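For reference, the chains in residue letters:
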Amino acid sequence: MATSDTEISIRVAVIQVLGAIDGHSLLEDEEHKKLCLLVFDEEAKVRKAVSRFVKGVWEEAVDERLVGKNKPSNEDHQQAGLKVFAVLVVKWCKVLDKLIDDEEEDVDEADGEDDTTAQSMSKRREVAALVAMNQKGRIVLAVEALWDEVESVRDWEPLLDLLLLDHSATEDNETQDPSRRSRGQPNGKNNTPDSIMDEAWRLDDLEESMLLEVLVTSIRRAKVEAAGGKKGEEDTVTNDITRELIKGLPRLFIKYQTDQNRIADVLLIPTLMNLDLYLEM
């Protein structure tokens, strides 16, 4: 597929053509997957070109997740959107990791063969390495690419609310362990039948960790956007972020204090706040 062409203009043009073809539901699943992986590409123009296609994939998956919901509320749409985004990104990261592993195995197996074959293998390995970075790096690229297209990426307040919920709470374990009800949830609310996590947007461990990284990246991106705006806008946005996190930040600390990897992400959040304002409050 020419989406891996070395000429960026050709890659962008092919992505646009494939997007138009997909508008008629003519793309195979394998082509869908390859296109979505380009959201992690090192070239900003390629990521931007594929962003609208990825938005369509995301919207379709959100609609499917809301099937059966009677008149879903705005909050339902927000939480479903976040769950779908988490599911998709975790899935794409796994596919990418497998692709890179397969390429490395092919290169290793080529040892001892003729130079042409080995060079060909190495070239494919280089192509895979364009996006062969750790998950945190991929999250930054995905947020940047989808910032203007997918509202779940830039609306970090609903994301914070979702992360503060107890995704292990179910109606069964609430009944079996009444002490959980008295402790309440990390967001300060008591666990009631209405607050039991809906299975449609319950996060698993990988999804929750990934969305915590998205939260940090999204807040940072909001500040970068403001810095490029009118004079004083960055300070205004930073102060707004700080006010929103007055109650949320301590609860994130409480929830993730025993998780070494997650608390490392939480500790990045104060660096994005106006700590003087925070202490005054």
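Everything below is about the structure printed above this text.
Predicted model only: the values in this text are computed from it and were never measured.

**Section: the overall build of the protein chain**
Working step 1: Across its full length, the protein chain holds 14 helices and zero strands.
Working step 2: In sequence order, the secondary structure elements of the protein chain are arranged as α-α-α-α-α-α-α-α-α-α-α-α-α-α.
Working step 3: Taken across its 281 residues, the protein chain has 41% of its residues classed as buried.
Working step 4: Contacts in the protein chain between residues far apart in sequence, at least 24 positions, make up 68% of those at least 6 positions apart.
Working step 5: Counting every atom, the protein chain has about 15,600 Å² of accessible surface; 48% of that belongs to carbon and sulfur.

**Digging into a negative patch on the surface**
Working step 1: A grouping of Glu59, Glu60, Asp63, Glu64, Glu75, Glu151, Asp155, Glu157, Asp161 and Glu244 is seen on the molecular surface, where their side chains present a negatively charged patch.
Working step 2: Mapped onto the negative patch, the elements with two or more residues apiece are helix H3 (44-65) and helix H8 (156-164).
Working step 3: Looking at the negative patch element by element, the count peaks at four residues for H3.
Working step 4: Locating glutamate 60 in the fold gives a position in helix H3.

**Re the packing of aromatic side chains**
Working step 1: If you walk through the whole model with that rule in mind, you get zero aromatic pairs.
Working step 2: Above the plane of the ring of tryptophan 147 lies arginine 221, whose end atom (NZ or CZ) is 5.9 Å from the centre.

**Considering the side chain of glutamine 79**
Working step 1: Along the chain, the position of glutamine 79 falls in helix H4 (residues 74-109).
Working step 2: Judged by relative accessible area, which is 11%, glutamine 79 ranks as buried.
Working step 3: Look past the residues within four positions of glutamine 79 in its chain and what remains in contact with it is Leu162, Leu165 and Trp201.

**Quick word on the environment of aspartate 204**
Working step 1: One can find aspartate 204 in the loop between helix H10 (179-183) and helix H11 (205-227).
Working step 2: Aspartate 204 sits 37 residues away from histidine 167 along the chain, and the two C-alpha atoms are 7.6 Å apart.
Working step 3: Within polar-contact distance, the side chain of aspartate 204 engages the backbone nitrogen of leucine 206 at 3.1 Å.

**Focus on the nonpolar core**
Working step 1: Of all hydrophobic cores here, the largest spans 67 residues; its most connected members are Val39, Trp92, Leu211, Leu215 and Leu245.
Working step 2: Discounting residues that sit within four places of it in the chain, leucine 215 has contacts with Trp156, Leu159, Leu160, Leu163, Leu252 and Ile269.

**Details of the packing of H8 against H11**
Working step 1: In contact at an axis separation of 10 Å, H8 and H11 are set at 150° when each is read in the N-to-C sense. Two packed elements cross with a definite hand, and for H8 against H11 that hand is left-handed. Contacts from Trp156, Leu159, Leu160, Leu162 and Leu163 in H8 reach Glu208, Leu211, Leu212, Val214, Leu215, Ser218 and Ile219 in H11.
Working step 2: Looking at side-chain class alone, the contact of H8 with H11 contains 10 nonpolar, one polar and one charged residues.

Definitions and limits used
- Residues numbered from 1 in each chain as written.
- Predicted model: local features only at pLDDT ≥ 70, side-chain atom pairs only at ≥ 80, totals over all residues.
- Heavy atoms only, no water.
- Helix = DSSP H or I, 4+ residues; strand = E, 2+ residues; numbered from the N terminus.
- Buried < 20%, exposed > 50% of the residue type's maximum accessible area, 1.4 Å probe, protein only.
- Contact = heavy atoms within 4.5 Å.
- Areas by Shrake-Rupley, 256 points an atom, 1.4 Å probe, with all protein chains shown as cover.
- Patch = residues over 30% accessible without salt bridge, like charges linked within 9 Å, V, L, I, M, F, W, Y side chains within 5 Å.
- Salt bridge = Lys/Arg side-chain N within 4 Å of Asp/Glu carboxyl O.
- Lys, Arg positive; Asp, Glu negative; His and termini not counted.
- Charge placed at Lys NZ, Arg CZ, Asp CG, Glu CD.
- Phe/Tyr/Trp six-rings, centres within 6.5 Å; stacked < 30°, edge-to-face > 60°.
- Lys NZ or Arg CZ within 6 Å of the ring centre and 35° of its normal.
- Polar contact = N/O pair within 3.5 Å; in protein donor to acceptor, adjacent residues only side chain to side chain.
- Core = buried A, V, L, I, M, F, W, Y, C linked by side-chain atoms within 4.5 Å.
- Axes fitted to C-alpha atoms, helices over the stretch in contact; angles between N-to-C directions.
- Left-handed = near helix turned anticlockwise from the far one by under 90°.
- Nonpolar A, V, L, I, M, F, W, Y, C, P; charged D, E, K, R; others polar.

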